[in-house]
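Breakdown of the fold
Given next are the chains, with one letter for each unit.
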Amino acid sequence: MKAHDGMYIGGRWRPAAGPDTIAVVNPADEQVIAHVPAGTAEDVDAAVGAARAAFPGWAATAPAERAAGIARLRDVLVARADEIAETVTAELGAPLAMSQTVHAGVPVLVAGSYAELAASYSFEEKIGTSTVLLEPVGVVGAITPWNYPLHQVVAKVAAALAAGCTVVLKPAEDTPLTAQLFAEAVDEAGLPAGVFNLVTGLGPVAGQALAAHEDVDLVSFTGSTAVGRQIGATAGAAVKRVALELGGKSANVILPSADLAKAVKVGIANVMSNSGQTCSAWTRMLVHKDQYEEAVALAAAAVAKYVPGERVGPLVSAKQQQRVRGYIEKGVAEGARLVAGGPAAPLERGYYVSPTVFADVTPEMTIAQEEIFGPVVSMIEYADEEDALRIANGTVYGLAGAVWAGDEAEAVAFARRMDTGQVDINGGRFNPLAPFGGYKQSGVGRELGPHGLSEYLQTKSLQF
């Protein structure tokens, strides 16, 4: 697609307030493929003003009409799926097959789920002698990450629109072209002017201005825990609501009764997906001491199939590549055993990192505690089930995880004791209606399904 040189505000593309631009780089070949405007506080103010003006009308629109608008948006996303996939591959670096199935496909499922929810959700309930109304919060400032550039947008925007809110989106500066495509889709779907607005720009400038704006009623942010703290502090000072989906260091717990070969194979695949750039990736693989060396050998064999430039794409930027390679070097320095991969760049061009597996990782090591956000697996040995639980719960994060066991009830019993927001049992399956979000420093609030919709609603009680 050709990049827009303005912002989508109030139902049309407008010139940016300032002259600065952001270069968009293809991480596979390190070439600049486009420039987009670097939004300013003035751009944000205009976008918020448009969203505020559109809010009363959209909030008063019947839920069935809002549902129809979201359904039209879903249909446009379906029609433009090939263009979306190609754009994601160009600016994120994901292999085209993954862009087609995941990056273009999953947002269609999510948009469809919110079209159905908007039509069926009960925005009013009786509690004793009271009638409780569930009303839209107002103007939403949505700040989205680069790792799933369309899914994260749709998860926030479709939920907010279903609730009756209006939105200003500030996408990640690394992947703004997908967000511009989404704005085109909103326009093509015929949603009312000002219901959705887009400002591209840098986080410390446009993102901060959006989070701090007095006419933004809720800030929904997905990204690092460090930035989430800043946004939470900014929103707290203004007593406005926040939804924060932050970091993760998810445990993949393989109990002794599990199908070890399958659990290891799927666990490696989970981390290699999207080049490891997934906040919910099962980056810590916990294996019983009696099966540990067998699991290490299985992991080494499994990861060898993930060839950089073929099954595994580059990381999104040179900065991210350096960050991940730094963590691999730290793992070696702290005494972990390098089973596969390593810090050396596997290809001469592109921001690639070798798929890496560490063994002999102890729970206190940096690579077992901090989010790496790359294709790196840390294998940890445990003595018994209580030891496994202690290790699994032994980080500041609690976003996702997995449990494998020969008996499903055994796996569920263990999962119930994990301090995490979502756990896959024996592989599980993606459910677009299941709530997604974390415990502890992995965030506040939930996305997807009815729980995601409720984040954008506030309650009013009428007493009779």
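Residues numbered from 1 in each chain as written. Predicted model: local features only at pLDDT ≥ 70, side-chain atom pairs only at ≥ 80, totals over all residues. Heavy atoms only, no water.

1. As for the environment of G401
Our working rule: Counting from the N terminus, the helices are DSSP H or I runs at least four residues long and the strands are E runs at least two residues long. Residue exposure (1.4 Å probe, protein chains only): buried if accessible area is under 20% of the type maximum, exposed if over 50%, otherwise partly exposed.
As for its placement among the helices and strands, G401 is situated in strand β18 (residues 400-404). Assessed through its relative accessible area of 2%, G401 is described here as buried. For the pair G401 and I254, spaced 147 residues apart in sequence, the C-alpha to C-alpha distance is 11 Å.

2. Some thoughts on the pairing of strand β6 (residues 130-136)
Quick reminder of the rule: Between any two strands, at least two bridges found by DSSP are needed for them to pair.
Most of β6 sits out of view: six of its seven residues are buried. Relative to β6, strand β5 (residues 124-127) runs antiparallel, the two sharing four bridges. Its bridge partner lying in β6, K126 is registered against T131. Connecting the antiparallel pair β5 and β6 is a turn made up of two residues, with G128 showing a positive phi of about 60 degrees. The sheet contact formed by β6 and strand β22 (residues 457-463) spans seven bridges and is antiparallel. Bridging from a neighbouring strand, L134 pairs with T459 of β22.

3. Description of the packing of aromatic side chains
The following threshold applies: Only the six-membered ring of Trp is used, alongside the rings of Phe and Tyr, when aromatic pairs are assigned; centres must lie within 6.5 Å, and planes under 30 degrees apart are stacked while those over 60 apart are edge-to-face, with the rest tilted. Counted as over-ring charges are cases with an Arg CZ or a Lys NZ within 6 Å of the ring centre that also lie within 35 degrees of the ring normal.
As enumerated under the stated definition, the model contains six aromatic pairs in all. Arranged with centres 6.4 Å apart and planes meeting at 35 degrees, the rings of Y8 and F196 form a pair that is tilted. Remark: F196 occurs in strand β9 (residues 196-198) and Y8 occurs in strand β1 (residues 6-9); sequence separation between them is 188 residues. Here the aromatic residues Y8, W13, F182 and F196 are joined through ring pairs into a cluster of three or more. The ring of Y306 carries R311 above its face, with NZ or CZ at 4.0 Å from the centroid.

4. Notes on helix α11 (residues 292-303)
Here is the rule: Expected helix span is given by 1.5 Å per residue-to-residue step, counting one fewer step than there are residues. Note that the arc is defined by the directions from the helix axis to the C-beta atoms. The contact definition used throughout considers only heavy atoms, calling two residues in contact when any of these lie within 4.5 Å.
A rise of 1.5 Å per residue sets the reference length of α11, with its 12 residues, at 16 Å; its end C-alpha atoms lie 16 Å apart and thus fit the reference within 8%. Every buried residue of α11 is listed here: Y292, A295, V296, A299, A302 and V303. The arc that holds every buried residue of α11, seen down its axis, measures 130 degrees, which confines them to one face. For α11, the secondary structure elements touched by its buried residues are α10 (260-272), β13 (284-288), β14 (337-340), β15 (356-359) and β16 (376-382).

5. Things to note about the UniProt feature "active site" (unreviewed entry) in the chain
The condition that has to hold: UniProt positions are given in the numbering used here, feature names are shortened, and annotations may be inferred rather than shown by experiment.
Those places that UniProt annotates as "active site" (unreviewed entry) correspond, in this numbering, to E245. Residue position: E245 is located in strand β11 (residues 241-245). The residues contacting E245, other than those within four sequence positions of it, are Q152, F221, T222, G223, C279, L399, F436 and S442.

6. Section: a negative patch on the surface
Test applied: Residues enter a patch when their relative accessible area is above 30% and they make no salt bridge; the linking distance is 9 Å between like charges and 5 Å between nonpolar side chains (Val, Leu, Ile, Met, Phe, Trp, Tyr). Only the protein chains shown count as cover for residues, and all accessible areas are computed by the Shrake-Rupley method using a 1.4 Å probe. Each salt bridge in this description consists of a side-chain nitrogen of Lys or Arg and a carboxyl oxygen of Asp or Glu lying within 4 Å of one another. Counted as positive: Lys and Arg. Counted as negative: Asp and Glu, with His and the chain ends omitted from the count. Each charge is placed at NZ for Lys, CZ for Arg, CG for Asp and CD for Glu.
A grouping of E42, D45, E214 and D215 is seen on the molecular surface, where their side chains present a negatively charged patch. The topology assignment puts E214 in the loop between α8 (203-212) and β10 (218-222).

7. Comments concerning the sheet that holds strand β19 (residues 422-425)
Put simply, the rule reads: Every axis in this analysis is a line fitted to C-alpha atoms, fitted for helices over the stretch in contact. Angles between the N-to-C directions lie between 0 and 180 degrees.
Judged by pairing direction, the sheet is mixed, and its seven strands sit side by side in the order β14-β15-β16-β13-β12-β18-β19 without closing on themselves. If you trace the sheet from one side to the other, it starts and ends with β14 and β19, each paired once. Taking each pair of neighbouring strands and ignoring which way they run, the sheet shows an average axis angle of 25 degrees. Here helix α15 (residues 408-415) sits on the sheet and contacts β12 (251-254), β18 and β19; the angle it forms with β19, its principal contact strand, is near 165 degrees.

8. Things to note about the UniProt feature "domain: Aldehyde dehydrogenase" (unreviewed entry) in the chain
As annotated by UniProt and renumbered to match this structure, "domain: Aldehyde dehydrogenase" (unreviewed entry) occupies residues 13-461. Across residues 13-461, helical content stands at 42% and strand content at 21%; the span's end C-alpha atoms are separated by 40 Å.

9. Here's the deal with the sheet that holds β5
Spatial strand order, β5-β6-β22: three strands in an open sheet with antiparallel pairing. Edge positions in the open sheet fall to β5 and β22, since each of these has one partner strand only. With direction set aside, neighbouring strand axes in the sheet form an average angle of 25 degrees.

10. Things to note about the pattern of salt bridges
Within this structure, the stated rule accounts for 13 salt bridges. Close ionic contact of R337 with D360 constitutes a salt bridge, the shortest N to O distance being 2.9 Å. Here R337 is found in strand β14, whereas its partner D360 is found in the loop between β15 and α13 (366-369), with 23 residues between them in sequence. With a shortest N-O distance of 2.6 Å, R390 and D387 are connected by a salt bridge. Taken together, the residues R390 and D387, both in helix α14 (residues 385-392) and three residues apart, mark about one turn of the helix. Classification of R390 as exposed rests on a relative accessible area of 52%. For D387, a relative accessible area of 16% gives the class buried. In this structure, a network of salt bridges that share partners links the residues R80, E83, E184 and E188.

11. Topic: the side chain of T131
Rules: In protein, a polar contact means a hydrogen-donor-capable atom and an acceptor-capable atom, both N or O and within 3.5 Å, with residues adjacent in sequence counting only if both atoms are side-chain atoms; elsewhere, any N or O pair within 3.5 Å suffices.
Along the chain, the position of T131 falls in strand β6. Residue T131 is classed as buried on the basis of its relative accessible area of 7%. Within the structure, T131 has its side chain in polar contact with the side chain of K126 (distance 3.5 Å). Setting aside residues up to four positions removed in sequence, T131 forms contacts with E124, E125, K126, K460, S461, L462 and F464.

12. Brief notes about the nonpolar core
For clarity, the cut-off: We call a set of buried residues a nonpolar core when its members are Ala, Val, Leu, Ile, Met, Phe, Trp, Tyr or Cys and they connect through side-chain atoms within 4.5 Å of each other.
Core analysis: the largest hydrophobic core is formed by 65 residues, its most contacted members being Y114, V154, L161, V167, F182, F196 and Y456. Top element by residues in this core is helix α6 (residues 151-163). It accounts for 10 residues. Among residues more than four places away in sequence, those in contact with Y114 are I70, A155, A158, A159, A162, E447, L448, G449, G452 and L453. Residues A251, V361, I367 and A368 belong to the second largest nonpolar core, which totals 29 residues.

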